[in-house]
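An overview of the molecular structure
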Amino acid sequence: MRRALALAALLLPITLGACGKQGALEPQAGRPAPQRGATQIRAATPQEMLQLDPQAVPQRVDDNQGPLPERGNDPFNLPPPRQ
């Protein structure tokens, strides 16, 4: 357990230091940019690749149905147990 905590403590600064990329996105040196798909007219730019489609981030739906109707004689509608 101590080894796992020590390893996590050592890796945390490395992990946090790598997530602050600032500036324009560019392909790595020596690697080509992604090719266009078969159905695309042109290759997508890095900014277009970063945009999520609507299915990945659905809009929140706030259609409240109002209060639920009271159920009649419900044998399972019990108060919480006392501690």
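Above this note sits the structure.
Reference entry: report on the structure contained in this document. (Residues numbered from 1 in each chain as written. Predicted model: local features only at pLDDT ≥ 70, side-chain atom pairs only at ≥ 80, totals over all residues. Heavy atoms only, no water.)

1. Description of the overall build of the protein chain
Across its full length, the protein chain carries two helices and zero strands. Taken over 83 residues, the protein chain has a buried fraction of 1%. Working note: accessible area of the protein chain is about 9,200 Å², and carbon and sulfur atoms make up 57% of it. (Helix = DSSP H or I, 4+ residues; strand = E, 2+ residues; numbered from the N terminus. Buried < 20%, exposed > 50% of the residue type's maximum accessible area, 1.4 Å probe, protein only. Areas by Shrake-Rupley, 256 points an atom, 1.4 Å probe, with all protein chains shown as cover.)

2. Things to note about the pattern of salt bridges
Counted according to the given criterion, the structure contains one salt bridge. Arg42 is paired through a salt bridge with Glu48; the nearest N and O atoms lie 2.8 Å apart. The partly exposed category is assigned to Arg42, whose relative accessible area is 48%. Since its relative accessible area comes to 34%, Glu48 is described here as partly exposed. (Salt bridge = Lys/Arg side-chain N within 4 Å of Asp/Glu carboxyl O.)

3. Points about the layout of surface pockets
Looking at the largest pocket, its volume works out to about 260 Å³. Here the lining of the largest pocket is built from residues that sort into nine nonpolar, two polar and two charged. (1 Å grid on protein atoms, 1.4 Å probe; cavity = no way out; pocket = protein on both sides within 12 Å on 5 of 7 lines; lining within 4 Å. Points joined across faces, edges and corners; volume = space filled by probe spheres on them. Nonpolar A, V, L, I, M, F, W, Y, C, P; charged D, E, K, R; others polar.)

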